[in-house]
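# Structural characterization, general
This is what each chain is made of:
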Amino acid sequence: LAEDFVLSDQLTTKLNKCFEKPEVLLKAHKFTGKKGDSVLLSTVCGDKPWHVKFVGLGKKNAHGVLDFETFRLALGCAIKTAKRLEVDTVALAIPDAASFGMNAADAAQQAVVIAHMATYVFDDFKDIKKAKTPWNAKITFCGVSDAAAVTEGELIAGAVNKIRRYADTPPNIATPTFMAEEAKKIADEGGLKYTCFGKERALELGMGGLLAVGAGS
C-alpha cells in the first residue's frame, strides 16, 4: 500500500470477512504505508488461520508514480513471511500497473517473476533429517488477468532460479562435465541445437581463463 493509502472497497470487503475494522487495526499498529513499513494481521477465519501482510510502498514521485524497486522488495518480504508461516495458499494484491507508470502486461510479468524468485531456497546438501518439506504454496495474483504474462513470468523465474541453483552448487560437483550435461538436458527439453567441445578446442579459441577456472573444479 502507498503512503497515506485509503483501502479500496474491494479490499475492504475481503478483509471484512475476518477483520471487523481493518483500518482501525492498521492505525493501531501505526501502519501508514511508508516505505519499509510492514504489519502482519492474523486471525482464525472459519476453522483456518488467516494472515494478511501489509507492506508500505512509500510516496509517489514527482511524476505521480511509485518506485517499482520498492514494490519488488515489498513483494519479496510478503512471500518470505508466507514461507515462514508455511501457508498453503497465497493471494497477492497487485497495485494497478499505472501506479508504477507501466502497462498491465509488464507489471504482471514482473510481479510473477519477483514472487517466484522469492521462493528460491538452496538446501540440496542439508542433512535429510533436518531438511524441511519444500514449500509449495499455490500463489494467486489478484487483479491480474493476462494469462500470457503470468506464464511468461513463471518461465523467466524458473530459468533464473535454475541458474541460481547452478551458481550455488559447489565446484567439486558443478564441474565442466556436469555443466555440459546440464546444458544438453536444457537443449533437449527446448529443442535447441547443442554443441560441446573439449580442452583442445578451447585452447585453439584462446579460452585460457575458462580453462583455468575449470582446472580448479
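Residues numbered from 1 in each chain as written. Predicted model: local features only at pLDDT ≥ 70, side-chain atom pairs only at ≥ 80, totals over all residues. Heavy atoms only, no water.

## Focus on the packing of aromatic side chains
Considering all chains together, one arrives at six aromatic pairs under this definition. Consider the rings of F19 and W50, whose centres lie 5.8 Å apart with planes at 40°: the pair is tilted. Within this pair, whereas F19 is found in the loop between α1 (9–15) and α2 (22–28), its partner W50 is found in strand β2 (residues 48–55), the two being separated by 31 residues in sequence. Judged by its relative accessible area of 29%, W50 is partly exposed. Ring centres 6.1 Å apart and planes at 50° place the aromatic pair F31 and F54 in the tilted group. Here F54 lies in strand β2 and F31 lies in the loop between α2 and β1 (38–45), a separation of 23 residues in the sequence. No difference in accessibility class separates F31 from F54, as the two residues are buried. Members of the aromatic cluster, joined through ring pairs, are F5, F31 and F54. (Phe/Tyr/Trp six-rings, centres within 6.5 Å; stacked < 30°, edge-to-face > 60°. Helix = DSSP H or I, 4+ residues; strand = E, 2+ residues; numbered from the N terminus. Buried < 20%, exposed > 50% of the residue type's maximum accessible area, 1.4 Å probe, protein only.)

## Observations concerning the side chain of Q109
Looking at where Q109 falls in the secondary structure, it is placed in helix α4 (residues 104–117). Residue classification places Q109 among the buried positions, given a relative accessible area of 13%.

## Thoughts on the pattern of salt bridges
The final tally for this structure, using the stated rule, is five salt bridges. Across the pair D188 and K184 runs a salt bridge whose closest N-O atoms are separated by 3.0 Å. Of this pair, D188 and K184 both sit in helix α6 (residues 176–190), four residues apart, roughly one helical turn. For K184, a relative accessible area of 38% translates into the label partly exposed. (Salt bridge = Lys/Arg side-chain N within 4 Å of Asp/Glu carboxyl O.)

## Here we look at the pairing of strand β4 (residues 138–142)
Across the two faces of β4 the burial differs, with I139 and F141 buried and K138, T140 and C142 not buried at all. By the bridge criterion, five bridges tie strand β3 (residues 89–93) to β4 in an arrangement that is parallel. Its bridge partner being in β4, L92 is matched across the sheet by F141. (Pairing = 2+ DSSP bridges.)

## Details of the state of the cysteines
Under the definition given, this model contains one disulfide. Between the sulfur of C18 and that of C45 lies a disulfide, 1.9 Å long from S to S. Its S-S torsion of about -105° marks the bond between C18 and C45 as left-handed, since a negative value means left-handed. Linking C18 in the loop between α1 and α2 with C45 in strand β1, this pair joins segments that are 27 residues apart in sequence. Since its relative accessible area comes to 27%, C45 is described here as partly exposed. (Disulfide = S-S within 2.5 Å.)

## A word on the nonpolar core
Of all hydrophobic cores here, the largest spans 23 residues; its most connected members are F71, L75, V90, L92 and F141. Elements with a minimum of two residues in this core: α3 (68–85), β3, α4 and β4. Per element, the largest residue contribution to this core is six residues, and it comes from α3. Non-local contacts of V90, meaning those with residues more than four positions away in its chain, are made with A82, W135, A137, K138, I139 and T140. By size, the runner-up hydrophobic cluster in this structure holds 10 residues, among which are C18, L26, F31 and L41. (Core = buried A, V, L, I, M, F, W, Y, C linked by side-chain atoms within 4.5 Å. Contact = heavy atoms within 4.5 Å.)

## Regarding unusual backbone geometry
Positive phi values are uncommon outside glycine, yet D4 reaches one of about 60°. Turning to its location among the elements, D4 is positioned in the segment before α1. One non-glycine residue, K30, lies in positive phi territory at about 60°. In this fold, K30 is placed in the loop between α2 and β1.

## Remarks on the environment of V39
As for its position among the elements, V39 is in strand β1. What makes V39 buried here is its relative accessible area of 8%. Sequence separation between V39 and P171 is 132 residues; the distance between their C-alpha atoms is 41 Å. Setting aside residues no more than four positions away along its own chain, V39 makes contact with L26, H29, F31, V52, K53 and F54.

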